[in-house]
Amino acid sequence: MEFMFILPGALLAPVIHEFTKAVTSTVQGDPTPRSRGFLTFNIIKYVEPLGFIIMVLLGGFGWGQPVPTASLHYKNRRRATVITYVTPMLVNLLLGIGAIIALSLWVGVPLNAFLFVRREFILAFEWDMMLILKLALYGFAQCSILLALFNLIPVHPLAMSKIIQPFAKPDTLVKLNHYEKTMQFVLVFMLAFGFIGRVLGPVWIHILGAVWLY
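Since this is a predicted model, take the numbers as computed values, not measurements. (Residues numbered from 1 in each chain as written. Predicted model: local features only at pLDDT ≥ 70, side-chain atom pairs only at ≥ 80, totals over all residues. Heavy atoms only, no water.)

*Asks:* Explanation requested: the nonpolar core in the structure shown.
*Replies:* In globular proteins that are soluble, nonpolar side chains generally tend to be buried together. Formed by 34 residues in total, the largest nonpolar core has its most connected members in Ile 100, Phe 150, Ile 196, Trp 204 and Trp 212. Broken down by secondary-structure element, the contributors of at least two residues to this core are α4 (77–107), α5 (111–124), α6 (129–150), α9 (180–192) and α10 (195–211). For this core, the element with the highest residue contribution is α6, accounting for 10 residues. Judged by nonpolar contacts, the second largest core, of 7 residues, contains Ile 6, Ala 13, Met 55 and Val 56. (Core = buried A, V, L, I, M, F, W, Y, C linked by side-chain atoms within 4.5 Å. Buried < 20%, exposed > 50% of the residue type's maximum accessible area, 1.4 Å probe, protein only. Helix = DSSP H or I, 4+ residues; strand = E, 2+ residues; numbered from the N terminus.)

Below, the structure is given as structure tokens:
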């Protein structure tokens, strides 16, 4: 039943991430997102089915349809690449933190009390629209923050894999490209067996506790 409250966040968080990337790259002179049809408010364009399903099932770890960018159009390739790929992570993180703060003000109780009510409601599930909206907002915060953290992993198509490219030596880039599929397989394996969650999950919980206002 918990996946129902993750659905809105699993849809919106990657869309916001990829749309931000498209806008940021375009502003810095890259025509690729626009020419490939990604500078749009059509959210379906940014949804990647497998990444969406994984995010729903794993409660925040996943990805959207990667927006294509071309760094050759940037005046300063290193700086612009960092800005293009760090900005979406920051937007996800800040929106997630904002959602937590808003939720804590809305419910007006300590975090432990809210988490207890959330757990009991998910187990029993009675129709309560206000509580459903609160849990959906919690799910959005969870997906947004975990997506930002997840993109710190340097594996394609995640953001950090693009950030390190302008700083890597040519032979390093060749090795990364050669082992790309293997690294993706390892990443999916670690996701499926919970290794990523065990590392990044506590970070999410720490952020949640740190910004909750009660």
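*Asks:* Would you take a moment to explain helix α3 (residues 49–58) for this structure?
*Replies:* Residue pairs three or four apart in sequence face the same way in an α-helix, which turns once every 3.6 residues. Here α3 has its buried residues at Gly 51, Ile 54, Met 55 and Val 56. Buried positions along α3 lie against α1 (3–27), α6 and α9. Gly 59, located one to two residues past α3, shows a positive phi value of around 70 degrees. (Contact = heavy atoms within 4.5 Å.)

*Asks:* Would you explain the pattern of salt bridges in this entry?
*Replies:* Pairing between side chains becomes possible if they bear opposite charge and their charged atoms approach one another. Inspection of the entire model under this criterion finds 1 salt bridge. Across the salt bridge formed by Lys 21 and Glu 18, the nearest N and O atoms sit 2.9 Å from each other. Of the two residues, Lys 21 and Glu 18 both sit in helix α1, 3 residues apart, roughly one turn of that helix. There is no split in this pair, since Lys 21 and Glu 18 are both buried. (Salt bridge = Lys/Arg side-chain N within 4 Å of Asp/Glu carboxyl O.)

*Asks:* What should I look at first to understand the environment of Thr 172 in this one?
*Replies:* Structurally, Thr 172 can be placed in helix α8 (residues 170–178). Thr 172 gets classed as partly exposed once you look at its relative accessible area, which sits at 35%. As for Thr 172 and Lys 134, which are separated by 38 residues in sequence, their C-alpha atoms are 46 Å apart.

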